[in-house]
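Summary of the model geometry
Below are the chains, spelled out letter by letter.
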Amino acid sequence: MTEAPADRGRPIPGIEAWERPVVVLNPVPGAPTAADSHLGGPLLWPADEPWPWCESGHSGYVQVQDCENDRVPHFAAAQFYRRDFPELPFPDGTDLLQVLFCPLYHRANGGPGVRLHWRASGSVGAVLTDVPAPALREPEFFPRPMVFEPERTTEYPAPDELPEEMVATFSFLQDPDDHDDHDEWPDLARGSKIGGWTAWYHTERPEGRCSECGAPVPQGLALSSSERKPGEKAGWLFGDHGSLNVFLCSNDPRHPFTVEVD
Ligand SMILES: [Zn+2]
Ligand SMILES: [Zn+2]
Ligand SMILES: [Zn+2]
């Protein structure tokens, strides 16, 4: 567990309420199958269910130009079984989260288009093997196959995400020339992770509310360009060597989710 942040050695009243569990995924190269949790491996996708294609929302980026009207198949970015990651908010009756990317740039996300499927793995019979390969693609969105060496801990948000009344009491923030104490604030996991807080890098955005039910939409899943040991880079690149953060409705993760690349 991460030690609670302190203000020049003094405890911060109420800070405990801001501690969140986090699973640091630590991806490592592997040869996952559809029966495994992974990045970039085969999905447990029913042979009799149409593979999802992306028809809109993408635009030209680095490798591909003039693709607004092209229809492209999604590709497997990740899947997570509940037996491995019970921390994900699986809806009742589901035990598998599948993450698919559009291989083209979606300006609204600042990265690839993202699609989530919450599935009951037990109801999948024959598995689709003939997965369509995208003819148009941004190569930097593709990971190599990775499995996980997860590490479970907790983390606190950066001061910018705490209430102003609390931050106003921090003596180390009163002295703009004193950066040493700021450096003692516990760092967030900047690699791929489940839960925890967003490791904002270029921007800071408050966690929003669900567009469908109004519930809080906390950080759910981060997929990252770089990892901390023992994790290794999956080979994909989001934004400026940042993370693709998926925010999930705390009431029902099947409600519209938001994606922020930072
Ligand atoms: Zn797309
Ligand atoms: Zn909702
Ligand atoms: Zn930068």
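The notes below deal with the structure included here. (Residues numbered from 1 in each chain as written. Chains lettered and ligands numbered in written order. Predicted model: local features only at pLDDT ≥ 70, side-chain atom pairs only at ≥ 80, totals over all residues. Heavy atoms only, no water.)

1. Focus on the overall build of the chain
Applied cut-off: Runs of H or I in DSSP of at least four residues are treated as helices and runs of E of at least two as strands, each being numbered from the N terminus. Only C-alpha atoms enter the radius of gyration, while the globule expectation follows 2.2 Å times N to the 0.38, with N the number of residues. For every residue, the accessible area (1.4 Å probe, protein chains only) is compared with the maximum for its type, and the residue is labelled buried under 20%, exposed over 50%, or partly exposed between those bounds. For this analysis, residues touch if any pair of their heavy atoms sits within 4.5 Å. A 1.4 Å probe and the Shrake-Rupley method give the accessible areas. Residues count as covered only by the protein chains that appear here. Two residue types count as positive, namely Lys and Arg, and two as negative, namely Asp and Glu; His and chain ends fall outside the count. A charged residue contributes its charge at one atom only: NZ of Lys, CZ of Arg, CG of Asp or CD of Glu.
When you go through the chain residue by residue, the secondary structure sums to 2 helices and 17 strands. Relative to the globule expectation of 18 Å for 262 residues, the C-alpha radius of gyration of the chain, 19 Å, shows essentially globular dimensions. By residue count, 51% of the 262 residues in the chain fall in the buried class. The long-range fraction of contacts in the chain, counting pairs at least 24 apart against all pairs at least 6 apart in sequence, stands at 71%. Put simply, the chain shows about 12,700 Å² of open surface, and 49% of that area lies on carbon and sulfur atoms. Averaging the locations of the 20 positively and 42 negatively charged side chains of the chain gives two centres separated by 5 Å.

2. Notes on the nonpolar core
For soluble globular proteins, nonpolar side chains are generally found buried alongside one another. This is how the line gets drawn: What we call a nonpolar core is a set of buried Ala, Val, Leu, Ile, Met, Phe, Trp, Tyr and Cys residues that are connected through their side-chain atoms within 4.5 Å.
Core analysis: the biggest nonpolar cluster contains 32 residues, and Phe-80, Val-99 and Phe-101 have the highest contact counts within it. Sorting the residues of this core by element identifies strand S9 (75-81), strand S10 (96-106), strand S11 (111-119), strand S12 (146-148), strand S15 (219-224), strand S16 (243-247) and strand S17 (258-261) as the ones contributing at least two each. Discounting chain neighbours no more than four positions away, the residues touching Phe-101 are His-74, Phe-75, Ala-77, Pro-112, Gly-113, Val-114, Phe-141, Leu-223, Trp-236, Phe-238 and Leu-244. Within the second largest apolar cluster, 8 residues are counted, among which are Ile-12, Leu-162, Met-166 and Phe-170.

3. Some details on the environment of Arg-254
Residue position: Arg-254 is located in the loop between S16 and S17. Along the chain, Arg-254 and Phe-90 lie 164 residues apart, while their C-alpha atoms are 9.4 Å from each other. Beyond its immediate stretch of four places on either side in the chain, Arg-254 contacts Pro-91 and Trp-118.

4. Looking at the coordination of the zinc ion (ligand 1)
Six octahedral donors at a metal ideally form angles of 90 or 180 degrees, and four tetrahedral donors ideally form angles of 109.5 degrees. Note the following rule: Any N, O or S atom lying within 2.8 Å of the metal counts as a donor, with the limit raised to 3.2 Å for Na, K and Ca; because water is left out of the atom set, some sites can appear incomplete.
Distances from the zinc ion (ligand 1) to its protein donors, Cys-54 (SG), His-58 (ND1), Cys-102 (SG) and His-106 (NE2), fall within 2.1 to 2.3 Å. Positions of the donor residues of the zinc ion (ligand 1), expressed as sequence spacing, correspond to C-x3-H-x43-C-x3-H. Taken together, the positions of His-58 in strand S7 (residues 58-59) and His-106 in strand S10 put the pair 48 residues apart, joining distant regions of the chain. Summarising the burial analysis for this pair, His-58 and His-106 share the class buried.

5. Structural notes on the coordination of the zinc ion (ligand 3)
Distances from the zinc ion (ligand 3) to its protein donors, namely His-202 (NE2) and Asp-240 (OD), fall within the range 1.9 to 2.7 Å. Of this pair, His-202 sits in the loop between strand S14 (193-195) and S15 while Asp-240 is found in the loop between S15 and S16, placing the two residues 38 residues apart along the sequence.

6. What about the packing of aromatic side chains?
To describe a pair of aromatic rings, you give the distance between the ring centres and the angle between the ring planes. The following threshold applies: Each aromatic pair joins two rings of Phe, Tyr and Trp (for Trp, the six-membered one) with centres within 6.5 Å, and gets the label stacked for planes under 30 degrees apart, edge-to-face for over 60, and tilted for any other angle.
One pass over the full model with this rule turns up 17 aromatic pairs. Between Phe-170 and Phe-172, the ring centres sit 5.6 Å apart and the planes meet at 15°, which makes this aromatic pair stacked. Residues Phe-170 and Phe-172 agree in their burial class; the two are buried. Aromatic pair Phe-172 and Trp-185: ring centres 5.9 Å apart, planes at 40°, arrangement tilted. Here the residue Phe-172 occupies a position in the loop between helix H1 (164-167) and helix H2 (180-183), and Trp-185 occupies one in the loop between H2 and S14, the gap between them amounting to 13 residues.

7. Remarks on the environment of Gly-195
By secondary structure assignment, the location of Gly-195 is in strand S14. Once the C-alpha coordinates of Gly-195 and Val-24 are considered, the two residues, 171 residues apart in sequence, prove to be 8.8 Å apart. If near-sequence neighbours (up to four positions away) are discounted, Gly-195 is found in contact with Pro-21, Val-22, Glu-155, Gln-219 and Gly-220.

8. Here's the deal with the side chain of Ser-37
Keep this limit in mind: N or O atoms closer than or at 3.5 Å make up a polar contact, with two conditions inside protein: a donor-capable atom paired with an acceptor-capable one, and, for residues adjacent in sequence, both atoms drawn from side chains.
Position of Ser-37 among the secondary structure elements: in the loop between strand S4 (27-29) and strand S5 (38-39). With a relative accessible area of 8%, Ser-37 lands in the buried category. A polar side-chain atom of Ser-37 sits 2.6 Å from a polar atom in the side chain of Asp-84. Filtering out sequence-adjacent residues up to four positions away, Ser-37 remains in contact with Gln-79, Phe-80, Tyr-81, Asp-84, Phe-85, Met-146, Val-147 and Phe-148.

9. Re empty space enclosed by the protein
Spelled out, the test is: With a 1 Å grid laid over protein atoms only, a set of points is called a cavity when a 1.4 Å probe fits there but cannot get out and a pocket when it is open yet has protein on both sides within 12 Å along at least five of seven lines; lining residues have an atom within 4 Å of a point. Grid points are joined across faces, edges and corners, and a volume is the space filled by probe spheres set on the points. Lys, Arg, Asp and Glu make up the charged group, whereas Ala, Val, Leu, Ile, Met, Phe, Trp, Tyr, Cys and Pro make up the nonpolar group; the residues left over, Gly among them, are polar.
Tallied over the full model, the rule gives 1 cavity of 30 Å³ or more. By volume, the largest cavity amounts to about 30 Å³. Along its surface, the largest cavity is lined by Ala-189, Arg-190, Gly-191, Lys-193, Thr-198, Ala-199, Ala-222, Ser-224, Ser-243 and Asn-245. Residue assignment for the lining of the largest cavity shows that the elements contributing at least two residues are S15 and S16. Considered class by class, the residues forming the lining of the largest cavity number 3 nonpolar, 5 polar and 2 charged.

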